[in-house]
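What follows is each chain in one-letter form.
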Amino acid sequence: MSKVALVTGGTRGIGEAICVALKDAGYTVVANYGGNDEAAKAFTERTGIPSFKFDVSNFEATKKAIDQISVDYGPVEILVNNAGITRDGTMHRMSFEQWDAVIQTNLASCFNTCRAVIDSMRARGFGRIVNIGSVNGQAGQYGQVNYAAAKSGIHGFTKALALEGAGKGVTVNAIAPGYVDTDMVRAVPEEVLKKIIATIPVGRLGKPEDIARSVMFLVGDEAGFITGSTLSINGGQHMY
Ligand SMILES: NC(=O)c1ccc[n+]([C@@H]2O[C@H](COP(=O)([O-])OP(=O)(O)OC[C@H]3O[C@@H](n4cnc5c(N)ncnc54)[C@H](OP(=O)(O)O)[C@@H]3O)[C@@H](O)[C@H]2O)c1
């Protein structure tokens with residue numbers, strides 16, 4: 001039986017590339033998404049990968065969905081916490097709603113999903129958790145106190161959970177992507193994006209596949225000695 005992999009926010013952008021790479025490698029892949037039914041339907045038609053709608057910022061809904069996925073497909077052995085949003089604005093203009101939505105969706109979601117899979121991973125003596133952080137969680141970014149705090153939190157969360165899982169065969173790592181060509185980055189105004197690309201030594205945006213490749217490296221059976229690490233994939237933009 002192939003291992004079951006759950007990718008949150010798996011129906012678009014980086015998440016889709018991760019799902020496809022996992023499927024191509026023989027894993028049983030389940031994608032989650034938050035609200036865009038049309039994109040999820042198109043994703044499932046394109047890839048043959050099932051997609052489950054639940055809000056990862058909601059603890060109860062996430063537990064219920066992951067319990068159901070475990071019944072339908074088997075226990076989740078690989079979890080990729082990829083779902084994320086931005087709600088940018090400088091601090092003096094940011095509403096509590098913008099702050100809270102980003103913290104809940106990008107950071108609290110990692111607690112919600114991990115809490116739902118950790119008992120079974122520990123009991124089985126195997127688990128691979130990969131959390132998608134960001135260069136902006138490492139370096140900070142103007143207009144993103146919410147996003148930078150959430151992503152920076154992911155890096156601390158990763159190290160603490162890695163310590164707890166180390167003796168139980170559960171590895172926990174983070175990836176900190178730089179700017180990757182997805183809907184999230186396409187929302188950035190063109191002139192701002194041009195300036196950002198000028199700061200990337202490799203001279204281009206990342207591709208979702210650049211991130212998926214490193215997820216594959218971290219989730220393999222043979223990756224058991226890699227835990228608590230953050231892999232920066234940013235075209236040389238920020239060396240941490
Ligand atoms: N793109 C970049 O340059 C970049 C750089 C660094 C880090 N990252 C991080 O990489 C991850 C993926 O980014 P992306 O650019 O691929 O994003 P994206 O294209 O905007 O896709 C986001 C995915 O997350 C899902 N999602 C959003 N809120 C959700 C919720 N509450 N519950 C469940 N799913 C939810 C979306 O579902 P719907 O389709 O239903 O909305 C979608 O599948 C994010 O964590 C992002 O912060 C991205």
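Novice: Please provide a residue-by-residue account of the overall build of the chain, values included.
Specialist: For the chain, the helix and strand inventory stands at 9 helices and 7 strands. Taken over C-alpha atoms, the radius of gyration comes to 17 Å for the chain, in line with the 18 Å a tight globule of 240 residues would show. Seen through its principal axes, the chain has C-alpha atoms that stretch 50 × 40 × 35 Å. A total of 240 residues make up the chain; the buried ones form 48% of that total. Of the contacts made within the chain by residues no fewer than 6 positions apart, 70% connect residues no fewer than 24 positions apart. By element, 55% of the accessible surface of the chain is carried by carbon and sulfur atoms, the whole surface being about 11400 Å². The distance from the centre of the 23 positive side-chain charges to the centre of the 23 negative ones in the chain is 3 Å.

Novice: Any chance you could break down the site of the ligand for me, citing the residues and the numbers?
Specialist: Around the ligand sit 31 residues, and of these Gly35, Asn36, Asn82, Tyr147 and Thr182 come closest. One nitrogen or oxygen atom from the side chain of lysine 151 is found 2.9 Å from an oxygen atom belonging to the ligand. With the chains in place, 93% of the 910 Å² that the ligand exposes on its own is no longer accessible. Those elements that provide at least two residues to the shell around the ligand are helix 1 (13–24), strand 2 (28–33), helix 6 (145–165) and helix 7 (183–186). A per-element tally of the shell around the ligand places helix 7 first, with 3 residues. Each residue belonging to the shell around the ligand can be placed in one class, and the counts come to 13 nonpolar, 14 polar and 4 charged.

Novice: Mind laying out the side chain of asparagine 112, listing which residues take part and the relevant values?
Specialist: Checked against the element boundaries, asparagine 112 lands in helix 4 (residues 96–124). Among the polar contacts listed, one links the side chain of asparagine 112 to the backbone oxygen of valine 56, at a separation of 2.9 Å. Once you skip the residues sitting within four places of it in the chain, asparagine 112 turns out to touch Val56, Ser57, Asn58, Phe59 and Thr62.

Novice: Any chance you could break down the sheet that holds strand 6 (residues 170–177) for me, citing the residues and the numbers?
Specialist: On the basis of which strands lie adjacent, the open sheet formed by 7 strands has the order 3-2-1-4-5-6-7 and parallel pairing. Pairing within the sheet leaves two strands with one partner each, and these edge strands are strand 3 (51–53) and strand 7 (230–233). Averaged over all neighbouring strand pairs, the angle between strand axes comes to 20 degrees, with direction disregarded. Relative to strand 5 (residues 127–132), strand 4 (residues 76–81) is paired through 4 bridges, and the arrangement is parallel.

Novice: A description of the packing of aromatic side chains should follow, citing residues and the corresponding values.
Specialist: This structure, assessed with the given rule, holds 2 aromatic pairs. Seen in terms of ring centroids, phenylalanine 52 and tyrosine 73 are 6.1 Å apart; in terms of plane orientation they differ by 80 degrees. Their pairing is edge-to-face. One end of the pair, phenylalanine 52, is in strand 3; the other, tyrosine 73, is in helix 3 (residues 59–73), and 21 residues separate them in sequence.

Novice: Residues and numbers for the pattern of salt bridges, please.
Specialist: Applying the stated rule across the entire model yields 12 salt bridges. Across the pair arginine 12 and aspartate 183 runs a salt bridge whose closest N-O atoms are separated by 2.7 Å. Of the two residues, arginine 12 is situated in the loop between strand 1 (4–7) and helix 1 and aspartate 183 in helix 7; the sequence distance between them amounts to 171 residues. Judged by relative accessible area, which is 40%, aspartate 183 ranks as partly exposed. Among the salt bridges present, the one from glutamate 45 reaches lysine 41, with a minimum N-O distance of 3.4 Å. You can see glutamate 45 and its partner lysine 41 sitting in helix 2 (residues 37–47), 4 residues apart, about one turn around the helix. On the basis of relative accessibility, which here comes to 60%, the residue glutamate 45 falls in the exposed class.

Novice: Pulling in residues and values, what's your account of a nonpolar patch on the surface?
Specialist: The grouping of Met91, Phe96, Trp99 and Val145 at the surface amounts to a nonpolar patch, some 420 Å² of accessible area in total. Mapping tryptophan 99 onto the fold places it in helix 4.

Rules of the game
- Residues numbered from 1 in each chain as written.
- Predicted model: local features only at pLDDT ≥ 70, side-chain atom pairs only at ≥ 80, totals over all residues.
- Heavy atoms only, no water.
- Helix = DSSP H or I, 4+ residues; strand = E, 2+ residues; numbered from the N terminus.
- Rg over C-alpha atoms; globule rule 2.2 N^0.38 Å.
- Buried < 20%, exposed > 50% of the residue type's maximum accessible area, 1.4 Å probe, protein only.
- Contact = heavy atoms within 4.5 Å.
- Areas by Shrake-Rupley, 256 points an atom, 1.4 Å probe, with all protein chains shown as cover.
- Lys, Arg positive; Asp, Glu negative; His and termini not counted.
- Charge placed at Lys NZ, Arg CZ, Asp CG, Glu CD.
- Near = heavy atom within 4 Å.
- Polar contact = N/O pair within 3.5 Å; in protein donor to acceptor, adjacent residues only side chain to side chain.
- Nonpolar A, V, L, I, M, F, W, Y, C, P; charged D, E, K, R; others polar.
- Pairing = 2+ DSSP bridges.
- Axes fitted to C-alpha atoms, helices over the stretch in contact; angles between N-to-C directions.
- Phe/Tyr/Trp six-rings, centres within 6.5 Å; stacked < 30°, edge-to-face > 60°.
- Salt bridge = Lys/Arg side-chain N within 4 Å of Asp/Glu carboxyl O.
- Patch = residues over 30% accessible without salt bridge, like charges linked within 9 Å, V, L, I, M, F, W, Y side chains within 5 Å.

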